[in-house]
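Examination of the molecular architecture
Each chain, letter by letter, is given below.
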Amino acid sequence: MTGSPRRVVITGIGALTPLGIGAPLLFESLLKGKTGFRMIERWDTTEFTTKFASEIRGCVYHPDEHYSTREQKRMDPFAQVGLIAAREAWSDSGLDKDAIDSTRSGAILGTGIGGIQSVLDQKDVLDKGGPRRVTPFFISNTMANSLSANVAIEFGLQGACFLTASACASSGHAIGMAFREIRAGRADVMVTGGSETTTNALCLAGFNSLKALSTRNDDIQRSSRPFDRDRDGFVMGEGAGALVIESLEHAQARGANIYAEIAGFGPTDDAGHITAPDATAQRPAAALKAAIDDAGINTDEVGYINAHGTSTMMNDMIETRAIKIAFGEENAKNIPISSSKSMLGHLVGAAAAVEAIACAYTLKNGVAHHTNNLENPDLENGCDLDYIPNEPREADFKTALSTSLGFGGHNVCIAFRKYEG
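Here is a short report on the structure shown in this document. (Residues numbered from 1 in each chain as written. Predicted model: local features only at pLDDT ≥ 70, side-chain atom pairs only at ≥ 80, totals over all residues. Heavy atoms only, no water.)

This brings us to the overall build of the protein. Helices and strands together make up the secondary structure of the protein, namely 14 helices and 15 strands. Its C-alpha atoms give the protein a radius of gyration of 20 Å, near enough to 22 Å, the size a compact globule of 421 residues would have. Within the protein, buried positions represent 59% of all 421 residues. Contacts in the protein between residues far apart in sequence, at least 24 positions, make up 79% of those at least 6 positions apart. Within the protein, one finds 39 positive and 51 negative side-chain charges whose respective centroids are separated by 3 Å. (Helix = DSSP H or I, 4+ residues; strand = E, 2+ residues; numbered from the N terminus. Rg over C-alpha atoms; globule rule 2.2 N^0.38 Å. Buried < 20%, exposed > 50% of the residue type's maximum accessible area, 1.4 Å probe, protein only. Contact = heavy atoms within 4.5 Å. Lys, Arg positive; Asp, Glu negative; His and termini not counted. Charge placed at Lys NZ, Arg CZ, Asp CG, Glu CD.)

What follows is the structure in structure tokens.
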């Protein structure tokens, strides 16, 4: 490719989250302050420190309504959910798979843990029935890349197709890599995003052992409280978000509806502790600055940040520190910031995808959702920025950033720009 990098726009959005099925419902619910937090009923929580989660299975997602029994056997729940979000995004985009160049179209999606439900189910089959009872679909169901593969098969996408796995930053990396494919001229259309279904007993026990989860069992609607002094951990969540992105030329040629532009991508790593963020916050700050530079915007032009905002003591403090480093202490205080996880919980590998959707809607509609349950900002630990407490904020937002900080020290920032032609 010669000439300047191509512009990349979002033309389709899909979501299946604890707030319901459908991307418009997702954003409407966030603006209303609704949460997806529920007491767990699918399995016995008697011995668990945390007894609630932000689930989709058994409440908003019922597989029989979307897939035949045969199809369910051939896809782990995380792939089922991800494909539903991708189908909505594809339909929303108005693309016709028979009218695109399949060799210049691809699928890059993310997951943090992948097909763990199939592992749990088939281990039980093995223990009870022996090796001959294990399904022949076990390997393909547990492959994390089965998500991107199934999406590519669904829409006949023969270009770049792979999966990114970087814990809580997984779908942020996926969006960034898909963005680069189009901007560099290697693709015209990409499906991107991420999916996760981790509200099972083993995952909950593991995150409880890390002391990462809220244990506010007697007040679950107020359990996720990013940047609040009384936060005690995140809420385990699950779900999926998907985006169809295209080169601006490709979208304009077919008269597509454009939500927003993806303008920059900044990935870094702490190269420190496997689960704890680097206290200096230098590398997440570098990710913020890299995305801003990649987008060709100035720090004073950033209108909104959708924060990683997990509601854990360390993340909120370190993320705030990173924002101050990237923008300067005083300038940082002028940027509206909010956390989708205050209502959705933590969707792990799908979190960045759903938060990218929130950014796209914010730019398109001129309103940012708030941070729920922020009653007493944690000033003692430096959480003194404008986190849009408790009520949405209307403004003519021109740019937005979405940040993701994952176990392993993975930091991602995606920069978005309002589409104005």
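Turning to the side chain of glutamine 117, a few remarks are in order. With respect to the element layout, glutamine 117 can be found in helix H4 (residues 116-129). Ignoring anything within four residues of it in the chain, the contact list for glutamine 117 reads Arg57, Asp76, Pro77 and Asn200.

A word on H4. Across its 14 residues, H4 extends 20 Å between first and last C-alpha, which sits within 8% of the 20 Å expected from 1.5 Å per residue. Considered for burial, the residues of H4 that qualify are Ile116, Gln117, Ser118 and Gln122. Among the structural elements, helix H3 (77-93), helix H5 (138-142) and helix H8 (201-209) are those in contact with the buried residues of H4. (Expected span 1.5 Å × (residues − 1).)

Applying the stated rule across the entire model yields 8 aromatic pairs. Plain terms: the ring middles of phenylalanine 207 and phenylalanine 407 are 6.4 Å apart, the flat faces sit at 40° to each other, and that makes the pair tilted. With phenylalanine 207 in helix H8 and phenylalanine 407 in the loop between strand S14 (399-406) and strand S15 (410-417), the pair connects residues that are 200 residues apart, well separated along the chain. Under the relative-accessibility criterion, phenylalanine 407 is labelled partly exposed at 30%. Pairwise contacts between aromatic rings join Phe27, Tyr259 and Tyr361 into one cluster. (Phe/Tyr/Trp six-rings, centres within 6.5 Å; stacked < 30°, edge-to-face > 60°.)

Although it is not a glycine, alanine 281 adopts a positive phi angle of roughly 65°. In this structure, alanine 281 sits in the loop between strand S9 (260-269) and helix H10 (282-295). The exposure class of alanine 281 is buried, given its relative accessible area of 0%. In this structure, valine 348 is a non-glycine residue whose phi angle is positive, near 50°.

The next subject is the pattern of salt bridges. On inspection of all chains with the given rule, the structure shows 27 salt bridges. Arginine 104 is the partner of aspartate 188 in a salt bridge, and the nearest nitrogen-oxygen pair spans 2.8 Å. Here aspartate 188 is found in the loop between helix H7 (170-183) and strand S7 (189-196), whereas its partner arginine 104 is found in the loop between H3 and strand S5 (105-110), with 84 residues between them in sequence. Note that lysine 324 is salt-bridged to glutamate 329, the shortest N-O span being 3.4 Å. Through salt bridges with shared partners, a single network forms among Asp219, Arg222, Arg225, Asp228 and Glu375. (Salt bridge = Lys/Arg side-chain N within 4 Å of Asp/Glu carboxyl O.)

Moving on to the environment of alanine 89. Mapped onto the fold, alanine 89 is located in helix H3. The buried category is assigned to alanine 89, whose relative accessible area is 0%. Taking the C-alpha atoms as reference, alanine 89 lies 6.0 Å from valine 244; in sequence the two are 155 residues apart. If we ignore the near neighbours within four places in the chain, the residues touching alanine 89 are Gly12, Ile13, Gly14, Ala242, Leu243 and Val244.

Right, let's talk about helix H14 (residues 351-365) for a bit. The first and last C-alpha atoms of H14 sit 21 Å apart over 15 residues, in line with the 21 Å expected at 1.5 Å per residue. The element H14 is largely enclosed, with a buried count of 13 among its 15 residues. Taken from the residues just after H14, glycine 366 is the one with a positive phi, measuring 70°.

With that settled, the discussion passes to the side chain of serine 342. Take serine 342: it is sitting in helix H13 (residues 341-344). At a separation of 3.0 Å, a polar atom in the side chain of serine 342 contacts the main-chain amide nitrogen of asparagine 372. (Polar contact = N/O pair within 3.5 Å; in protein donor to acceptor, adjacent residues only side chain to side chain.)

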